[in-house]
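Overview (structure and organization)
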Amino acid sequence: MEAGMEVSRRRFLSIGPVGVLGGSALGFDLTESIRVQQRLRIEGATLSHSLCPYCAVGCSLVAYTKKAANGRTELLQIEGDPDSPVNEGTLCPKGATSLQLAVSRRRVPHPLYRAPGAAEWKQVSWEFALDRLARNIKASRDATFVTQDADGNVVNRCEGIAFAGGAAFSSEEGYLATKLMRGLGLVHLEQQARV
């Protein structure tokens, strides 16, 4: 190794067996460590760089993916990118759980609907859910739309619907959602990046 060359964590770990032999040559007994060495879950995985979807800081992520036996790509792990000048490998609690955005046992894969007065949820189609949502929005907007305020000024606003943008919205999704809601006349808007 060249004199004055800085050894990063990544460089140190890439030394591999040479480091083990060097450690052994320095008097360390690594026999037990080698015996219990485990195969990493991310061994042989494809490394991809990405950005955390939560707030607007722009923390860099490293995602590890691997082809599963059924041919689908499986997301194995997401962690902070140690080479990023923004977060230097660290993540906040929300960023650290970003794997759950894509992979979660609790994630509902299809829309569920519970009719008024019913005790059970039932699976419905996306077409049914979106149609029902559109009808409810239109009914609420028609019932609460205000064209003029108390002074006779034209306001054209909907006071009966509020919108809270998702914490995983990108800036572009937040902008588009806000434009759509403003187009409906909503005045009660919030983007909850840090909730």
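The following paragraphs examine the structure supplied in this document. (Residues numbered from 1 in each chain as written. Predicted model: local features only at pLDDT ≥ 70, side-chain atom pairs only at ≥ 80, totals over all residues. Heavy atoms only, no water.)

**Here we look at the pairing of strand β2 (residues 60–67)**
To keep things clear, this is the line we draw: Note on exposure labels: buried denotes an accessible area under 20% of the residue type's maximum, exposed denotes more than 50%, and partly exposed covers the range between, all computed with a 1.4 Å probe on protein chains only. Helix numbering and strand numbering both begin at the N terminus, where a helix is a DSSP run of H or I of at least 4 residues and a strand a DSSP run of E of at least 2. Pairing between two strands requires that DSSP report at least two bridges joining them.
Most of β2 sits out of view: six of its eight residues are buried. With six bridges joining them, strand β1 (residues 46–51) and β2 adopt antiparallel strand pairing. The residue of β2 that forms the bridge with S48 is A63. Relative to strand β3 (residues 73–80), β2 runs antiparallel, the two being bridged by seven bridges. Looking across to β3, one finds that V62 is bridged to E79.

**Here's the deal with the pattern of salt bridges**
What counts is decided by this rule: Salt bridges, as used here, are contacts in which a Lys or Arg side-chain nitrogen is within 4 Å of a carboxyl oxygen on Asp or Glu.
Tallied over the entire structure, the rule returns three salt bridges. Measuring nitrogen to oxygen at the nearest pair gives 2.9 Å for the salt bridge that ties R135 to D131. With R135 and D131 both in helix α6 (residues 126–144) and four residues apart, the pair spans about one turn of that helix. Judged by relative accessible area, R135 falls into the exposed class, the value being 57%. With its nearest N and O atoms 2.7 Å apart, the salt bridge here joins D142 to K138. With D142 and K138 both in helix α6 and four residues apart, this pair spans about one turn of that helix.

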